[in-house]
Amino acid sequence: MASTAAAPTRFQRYWLPGLAFKAVVIGGGYATGRELAEFFLPSGPWGGLAAILVATLIFSLVCSVTFLFARHFKAWDYVTFFKRLLGPGWFLFEGAYVLFIILILAVYGAAAGAIGASLLGLPAIVGTAALAAAIVAVVTFGNTSVERMFAYVSYLLYAVYALFILLAFTHFGDRIGAGFESGGPMTGWLSGGTVYAGYNLIGAVVILPVIRHLTSDRDAIVAGMIAGPLATLPALLFFIAMIGFYPEIAGATLPSDFLLQQLDIPVFHLLFQLMIFSALLESGASSVHAINERIARALLNRRGITLSNRARLAIALALLIGCMFVADRFGLVALIATGYRALAYVLIAVYVIPVLTLGVWQLTRLKQEQIA
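Please read these numbers as outputs of a predicted model, since none were measured by experiment.

### Re the overall build of the protein chain
In terms of regular secondary structure, the protein chain is built from 15 helices and 0 strands. Taken across its 372 residues, the protein chain has 57% of its residues classed as buried. In the protein chain, the share of contacts with a sequence separation of at least 24, taken over all contacts with a separation of at least 6, comes to 86%. Summing over all exposed atoms, the protein chain offers an accessible surface of approximately 15100 Å²; the carbon and sulfur share of this is 68%.

Structure, rendered in structure tokens:
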């Protein structure tokens, strides 16, 4: 008797897409606090909270539509997705995506290097190389390895963030309260939240391989709505802790390390930096895995060949070695301040606006055809 595949679990249908999306969003500057300092702190304490809310709502909306679109058109990789969404113009996203991968892996590499230098006093290239090696080890074995990583790293991440905010309130809660009472310039929160969401939303496309478990429109909508809060809850906790040292913390290369020094708990300092490294690992692995899946689909469609583990290893190495040179050349602050903002506008133009207009229109037309 032929064996049948097990039905997708509730975790795979509802929670896995959000955890995978969170994995992409939290990497690099988010995990270190650098993105929060760049896009939320300029709006002041309350404006920063408003910006986080804006980003959460945009995440949930666009993820829901993206998941619906991918499910209906069986688009489990970004090439299939954008050929359906943009037609002949799909290559516009391909160009933006290549730039994104180069930038985001460079940011992850720079962050890992900064962590190694801050924690152990090592040359930055050592931390960068360690992250590259870990990413290669995960992505070489395909979907199963990557999905297992999402679950395990997520447990560590949320637990450490919860402990972090608890320690922050017990050690300098009075400073946090005073920071919110001081007010500050509540300006630019709408643009800050929108730009932040704009470039991070590429995560919804990066994780298309893991949403193949969705079984209904309800699954897609629920998974999309969950994805927004899952991605921004750690950011919210981190941001609240940062307000205790606002505005001086805005200039720190690693705001996370700044706060950990204020806590002065060596064991937790080590645990937190381990968590950040793990977050960088799952984010980097997500990005490289998406490229592998794109190549795997092309090989299968054109030549009927399955991408081998050895080939996945070679692709990952080529990507990472090139991007890590960028990281070593420019550094974390410059990459986030200049690269992310420009990328946000490109992705809003070639992905966010099209999926909320053309994507919704195509889904509506498909529904009408099915009814007819």
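### Remarks on the pattern of salt bridges
Throughout the structure, instances matching the rule amount to 6 salt bridges. Across the pair Arg13 and Asp219 runs a salt bridge whose closest N-O atoms are separated by 2.9 Å. Of this pair, Arg13 sits in helix α1 (residues 10-26) while Asp219 sits in helix α11 (residues 217-242), placing them 206 residues apart in sequence. With respect to burial, Arg13 and Asp219 carry one shared label: buried. With a closest N to O distance of 3.0 Å, Arg71 and Asp217 form a salt bridge. Here Arg71, found in helix α4 (residues 44-72), pairs with Asp217, found in helix α11; they are 146 residues apart in sequence, far enough to count as distant.

### Overview of the side chain of Asn200
Assignment of secondary structure puts Asn200 in helix α9 (residues 189-200). Its relative accessible area of 4% is what places Asn200 among the buried residues. Here Tyr196 takes part through its backbone oxygen, which lies 3.0 Å from a polar atom of the side chain of Asn200. The contact partners of Asn200, leaving out residues within four places of it in the chain, are Phe21, Val25, Glu35 and Phe59.

### Notes on helix α6 (residues 91-120)
Between its terminal C-alpha atoms α6 stretches 43 Å, which fits the 44 Å expected from 30 residues at 1.5 Å a residue. Gly121 sits one or two positions beyond α6 and adopts a positive phi of about 70°.

### Structural notes on the environment of Ala96
Among the secondary structure elements, Ala96 is positioned in helix α6. A C-alpha to C-alpha distance of 10.0 Å links Ala96 and Ala344, two positions 248 residues apart in sequence. Every residue in contact with Ala96, bar those within four places of it in the chain, is listed here: Leu343, Val346, Leu347 and Val350.

### Quick look at helix α12 (residues 255-263)
Along an α-helix, residues three or four positions apart point the same way, because every turn accommodates 3.6 residues. Those residues of α12 that sit buried are Pro255, Ser256, Asp257, Leu259, Leu260 and Leu263. Residue Asp264 follows α12 closely and has a positive phi angle near 55°.

### Here's the deal with the packing of α4 against α9
The description of two helices packed together rests on the angle between their axes and the distance between the axes. At a closest axis distance of 8 Å, the pairing of α4 and α9 adopts a crossing angle of 40°. The pairing of α4 with α9 is recorded here as oblique in orientation. α9 is crossed by α4, and the crossing has right-handed handedness. For the pair α4 and α9, contact is made by Gly47, Ala50, Ala51, Val54, Ala55, Ile58 and Phe59 and by Trp189, Leu190, Gly193, Thr194, Tyr196, Ala197 and Asn200, respectively. Residues belonging to the contact of α4 with α9 are distributed by class as follows: 10 nonpolar, 4 polar and no charged.

### Quick look at the packing of α6 against helix α7 (residues 124-139)
Relative orientation of the contacting elements α6 and α7 amounts to 125°, with a least axis distance of 7 Å. The angle between the axes of α6 and α7 places the two elements in the oblique class. Crossing of α6 against α7: the hand is right-handed. Two secondary-structure elements touch here, α6 through Tyr108, Gly109, Ala112 and Gly113 and α7 through Ala124, Gly127, Thr128 and Leu131. Among the residues forming the contact of α6 with α7, the class breakdown is 4 nonpolar, 4 polar and no charged.

### Quick word on the nonpolar core
Grouped together as the largest cluster of nonpolar side chains are 119 residues, with contacts concentrated most on Phe21, Phe81, Phe93, Tyr97, Phe164, Phe272 and Tyr351. Per-element tally for this core: the top contributor is α6, with 13 residues. Every residue in contact with Phe164, bar those within four places of it in the chain, is listed here: Phe238, Ala241, Leu259, Leu260, Leu263, Phe268 and Phe272.

### Structural notes on the environment of Cys63
For Cys63, the position within the fold is in helix α4. You can call Cys63 buried: its relative accessible area is 0%. When the C-alpha positions of Cys63 and Gly228 are compared, they lie 7.8 Å apart, and in sequence the two are 165 residues distant. Not counting residues up to four positions away in its chain, the partners in contact with Cys63 are Phe21, Leu201, Ala204, Gly224 and Ala227.

Here is what the cut-offs are and how they apply
- Residues numbered from 1 in each chain as written.
- Predicted model: local features only at pLDDT ≥ 70, side-chain atom pairs only at ≥ 80, totals over all residues.
- Heavy atoms only, no water.
- Helix = DSSP H or I, 4+ residues; strand = E, 2+ residues; numbered from the N terminus.
- Buried < 20%, exposed > 50% of the residue type's maximum accessible area, 1.4 Å probe, protein only.
- Contact = heavy atoms within 4.5 Å.
- Areas by Shrake-Rupley, 256 points an atom, 1.4 Å probe, with all protein chains shown as cover.
- Salt bridge = Lys/Arg side-chain N within 4 Å of Asp/Glu carboxyl O.
- Polar contact = N/O pair within 3.5 Å; in protein donor to acceptor, adjacent residues only side chain to side chain.
- Expected span 1.5 Å × (residues − 1).
- Axes fitted to C-alpha atoms, helices over the stretch in contact; angles between N-to-C directions.
- Parallel < 35°, antiparallel > 145°, perpendicular 65-115°, else oblique.
- Left-handed = near helix turned anticlockwise from the far one by under 90°.
- Nonpolar A, V, L, I, M, F, W, Y, C, P; charged D, E, K, R; others polar.
- Core = buried A, V, L, I, M, F, W, Y, C linked by side-chain atoms within 4.5 Å.

In short, geometric facts, not functional conclusions.
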